[in-house]
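# Fold and contact review
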Amino acid sequence: MYCVRVVIEPVVENGIVKNYGLYAPEWPGCVASGDSIQEAVALMRQALAMHLPAVGRGAIPPYNLLLVLLWSDRGTGHEGPVVWR
């Protein structure tokens with residue numbers, strides 16, 4: 001299992017969450033966005049699975065990634081880390 005810290009930022013427009021953006025601070029350029037948290041996390045797993053081998057970390061299947069989501073509260077009331085398997 002490979003653990004990756006990921007920041008999730010809800011995109012809020014007129015008080016309504018429109019989508020979720022994710023990025024991995026330790027892996028610049030590795031980002032994902034989705035209409036739901038589940039979609040964004042799935043896309044982030046795929047992005048990391050492609051990004052890590054490209055920077056010399058070797059191939060890691062998406063199901064072997066443990067994501068620790070760190071909320072960037074933008075008026076949604078969410079805050080704190082969440083572990084996502």
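### Focus: the overall build of the protein
- Secondary structure summary: the protein contains 1 helix and 5 strands in total.
- Element order for the protein, N to C, with α for helix and β for strand: β-β-β-α-β-β.
- Here the protein holds 85 residues, and 38% of them are scored as buried.
- When contacts within the protein are restricted to residue pairs at least 6 apart in sequence, those whose partners lie at least 24 apart make up 38%.
- When the accessible surface of the protein is totalled, it reaches about 5,000 Å², and 54% of it is carbon and sulfur.

### Concerning the confidence of the model for the protein
- The predicted model of the protein has a mean per-residue pLDDT of 79, with 75% of residues at 70 or higher.
- Of all secondary-structure elements in the protein, the lowest mean pLDDT belongs to strand E5 (residues 81–84), at 52, while strand E3 (residues 31–34) reaches the highest, 95.

### Concerning the nonpolar core
- Core analysis: the largest hydrophobic core is formed by 22 residues, its most contacted members being Val4, Leu22, Trp27, Met44, Leu48, Leu65 and Leu67.
- Of all the secondary-structure elements, those providing two or more residues to this core are strand E1 (2–13), strand E2 (16–23), helix H1 (37–54) and strand E4 (65–71).
- Here this core gets 7 residues from one element, more than from any other, and that element is H1.

### What about the pattern of salt bridges?
- Counting across every chain of the model gives 1 salt bridge.
- Taking the shortest distance from any N to any O, the salt bridge between arginine 5 and glutamate 26 comes out at 2.6 Å. With arginine 5 in strand E1 and glutamate 26 in the loop between E2 and E3, this pair connects stretches of sequence that are 21 residues apart.
- A relative accessible area of 42% means that glutamate 26 is categorised as partly exposed.

Rules used in this analysis
- Sequence order as written defines the numbering, with residues in each chain counted from 1.
- Where totals are concerned, whole chains, interfaces and linings use all residues; where local detail is concerned, this predicted model gives features only for residues with pLDDT of at least 70, and gives and counts side-chain atom pairs only at 80 or more.
- Only hydrogens and water are set aside when side-chain values are computed; all heavy atoms of the structure are taken into account.
- Strands here mean DSSP runs of E at least two residues long; helices mean DSSP runs of H or I at least four residues long; both are numbered from the N terminus.
- Summary of the burial criterion: residues with accessible area below 20% of their type's maximum are buried, those above 50% are exposed, and those between are partly exposed, where the area comes from a 1.4 Å probe applied to protein chains only.
- We call two residues contacting when some pair of their heavy atoms lies within 4.5 Å.
- Residue-level accessible areas treat just the shown protein chains as cover; the underlying method is Shrake-Rupley with a 1.4 Å probe.
- What pLDDT expresses is the predictor's confidence in each residue, scored from 0 to 100.
- Side-chain atoms within 4.5 Å are what join buried Ala, Val, Leu, Ile, Met, Phe, Trp, Tyr and Cys residues into a set we call a nonpolar core.
- One speaks of a salt bridge when a side-chain nitrogen belonging to Lys or Arg is within 4 Å of a carboxyl oxygen belonging to Asp or Glu.

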